[in-house]
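# Per-entry structural report
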Amino acid sequence: MTKKKTVTKVAKEVVEQTVKTVVAPPKPIVKKETKPSWEIKDRIYWLNRNRKPLSYSIKSSGVYYFDEEKGYERELKYTKNQKTPFVDEMIGDQRLEHIIFRNGYLHVAKEKTVLQKILSLYHPDRNSLFYEYKPVQEAQNEVEMIETEIEALMIARDLEIDMAEAVMRVELGSKVSEMSSKELKRDLLLYAKRNPELFLDLVNDDNVQLRNFGIKATELNIIKLSSDQRHFMWGSNDRKLMTVPFDEHPYSALAQWFKTDEGMEVYTNIEKRLS
């Protein structure tokens, strides 16, 4: 009996000692999200649409900013003697200051943080009436534009003649049928240079080529469009092929119809006649 008690006591001491030596797992460290700090620097603001009047005033009072954190609109006012643009935070008298652009732009020194924040963060007309000039962003935009132009010109250089004709028909209409391959290539390259984004959109739009295919077939009288532009028919026997849905462009509707089972059969038939 004594031996049993001794064993039980020893076992209990071992368990207690083990519990004491077990180290609890560390709690994960949760980093609080911090808002990006306001960079103190001189800033320049320009009127949109390249406007450059001798002087142009924008509202410095009676405008509102919706504060998402607080859940309501807050009145803004630019003053000489307050350290905040929000009226509900102002203390004492408020000496109103005007905001005036000269020759289309406004330079705001780094010391005028309140005005900068009104123009960059809170004013309801920012980015619509005026914008903050950001050299790094401007450079990035220019790089992207140049890269898009290069891509468009490279694709235009290697584009097959049928696709080139399809793209240029959007711009020039039936005139492309009278152009030589050299003239077509020249105008295609110029078009890609002037409107690179639109050019790339057209190249990637399979309906453009199908519309051109339908127009060529019509010009060669393989198919024809009724005078009311409601039906496409075979040119040889006037048998109706399709009805143009109401309020749709005939050749856009034809391009979509060429993708149907019946339209694909007609497309194959026309393709044989064109080759």
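Right above here is the structure, for reference.
An account of the accompanying structure is given in this report. Predicted, not measured: the structure shown is a model, and the values here were computed from it.

## Considerations on helix α7 (residues 206–219)
Compared with an ideal rise of 1.5 Å per residue, which puts 14 residues at 20 Å, α7 spans 20 Å between its outermost C-alpha atoms and is within 8% of the ideal. Check the buried side of α7 and you find it contacts α4 (161–172), α6 (196–203), β8 (223–225), β9 (231–234), α8 (250–257) and α9 (261–274). Sitting at the amino-terminal end of α7 is D205, which places a side-chain oxygen 3.0 Å from the backbone nitrogen of N207. Backbone geometry just downstream of α7 places N221 in the positive-phi region, at approximately 65°.

## Some details on the side chain of D67
Topologically, D67 is positioned in strand β3 (residues 61–67). Taking the relative accessible area as the measure of exposure, D67 reaches 10% and is therefore buried. Of the polar contacts made by the side chain of D67, one reaches the backbone nitrogen of K70; its length is 3.2 Å. Looking at D67, its side chain comes within polar contact range of the side chain of R74, at 3.0 Å.

## With respect to the pairing of β3
With six bridges connecting them, β3 and strand β4 (residues 72–77) associate as antiparallel partners. The residue of β4 that forms the bridge with S61 is K77. Count of turn residues in the β3/β4 antiparallel hairpin: four residues, of which G71 carries a positive phi of about 85°.

## Quick word on the packing of aromatic side chains
Under the criterion given, the structure shown has 10 aromatic pairs. A network of ring pairs unites the aromatic residues F213, W257, F258 and Y267 as a single cluster. A cation sits over an aromatic face here: R43 above W38, 4.0 Å from the ring centre. When the ring centre of F86 is taken as reference, the NZ or CZ atom of R74 above it lies at 3.9 Å.

## Comments concerning the side chain of S226
Tracing the sequence through the fold places S226 in the loop between β8 and β9. Residue S226 is classed as buried on the basis of its relative accessible area, which comes to 13%. At a separation of 2.5 Å, a polar atom in the side chain of S226 contacts the side chain of D228. Contact partners of S226, with chain neighbours within four places excluded, come to H231 and M233.

## Describing the nonpolar core
Nonpolar side chains tend toward joint burial in soluble globular proteins. One finds I223, F232, L254, F258 and I270 to be the most contacted residues of the largest nonpolar core, which totals 20 residues. Mapped by element, the contributors of at least two residues to this core are α7, β8, β9, β10 (240–243), α8 and α9. A per-element tally of this core places α8 first, with five residues. In contact with F232, not counting residues within four places along its chain, are T218, I223, K224, L225, R239, K240, L241, M242, V244, P250, Y251 and L254.

## Quick notes on the pattern of salt bridges
Between side chains of opposite charge, pairing is possible as soon as their charged atoms come close. If you walk through the whole model with that rule in mind, you get 13 salt bridges. Between R74 and D88 there is a salt bridge whose closest N-O contact spans 2.9 Å. Separated by 14 residues along the polypeptide, R74 in strand β4 and D88 in the loop between β4 and β5 (99–102) bring together distant segments of the chain. Taking relative accessible area as the criterion, R74 reaches 4% and is therefore assigned buried. What makes D88 partly exposed here is its relative accessible area of 46%. We note a salt bridge from D238 to K224, for which the minimum N-O separation is 2.4 Å. Residue D238 is located in the loop between β9 and β10, and its partner K224 is located in strand β8; the two are separated by 14 residues in the primary sequence.

## Re the packing of α7 against α8
For the pair α7 and α8, interaxial distance at closest approach is 8 Å and the crossing angle is 110°. Considered as vectors, α7 and α8 are oriented roughly perpendicular to each other. Contacts between α7 and α8 involve N207, L210, R211, G214, I215 and T218 on the former and, on the latter, Y251, S252, L254, A255 and Q256. Per-class residue counts for the contact of α7 with α8 are five nonpolar, five polar and one charged.

Definitions and limits used
- Residues numbered from 1 in each chain as written.
- Predicted model: local features only at pLDDT ≥ 70, side-chain atom pairs only at ≥ 80, totals over all residues.
- Heavy atoms only, no water.
- Helix = DSSP H or I, 4+ residues; strand = E, 2+ residues; numbered from the N terminus.
- Expected span 1.5 Å × (residues − 1).
- Contact = heavy atoms within 4.5 Å.
- Polar contact = N/O pair within 3.5 Å; in protein donor to acceptor, adjacent residues only side chain to side chain.
- Buried < 20%, exposed > 50% of the residue type's maximum accessible area, 1.4 Å probe, protein only.
- Pairing = 2+ DSSP bridges.
- Phe/Tyr/Trp six-rings, centres within 6.5 Å; stacked < 30°, edge-to-face > 60°.
- Lys NZ or Arg CZ within 6 Å of the ring centre and 35° of its normal.
- Core = buried A, V, L, I, M, F, W, Y, C linked by side-chain atoms within 4.5 Å.
- Salt bridge = Lys/Arg side-chain N within 4 Å of Asp/Glu carboxyl O.
- Axes fitted to C-alpha atoms, helices over the stretch in contact; angles between N-to-C directions.
- Parallel < 35°, antiparallel > 145°, perpendicular 65-115°, else oblique.
- Nonpolar A, V, L, I, M, F, W, Y, C, P; charged D, E, K, R; others polar.

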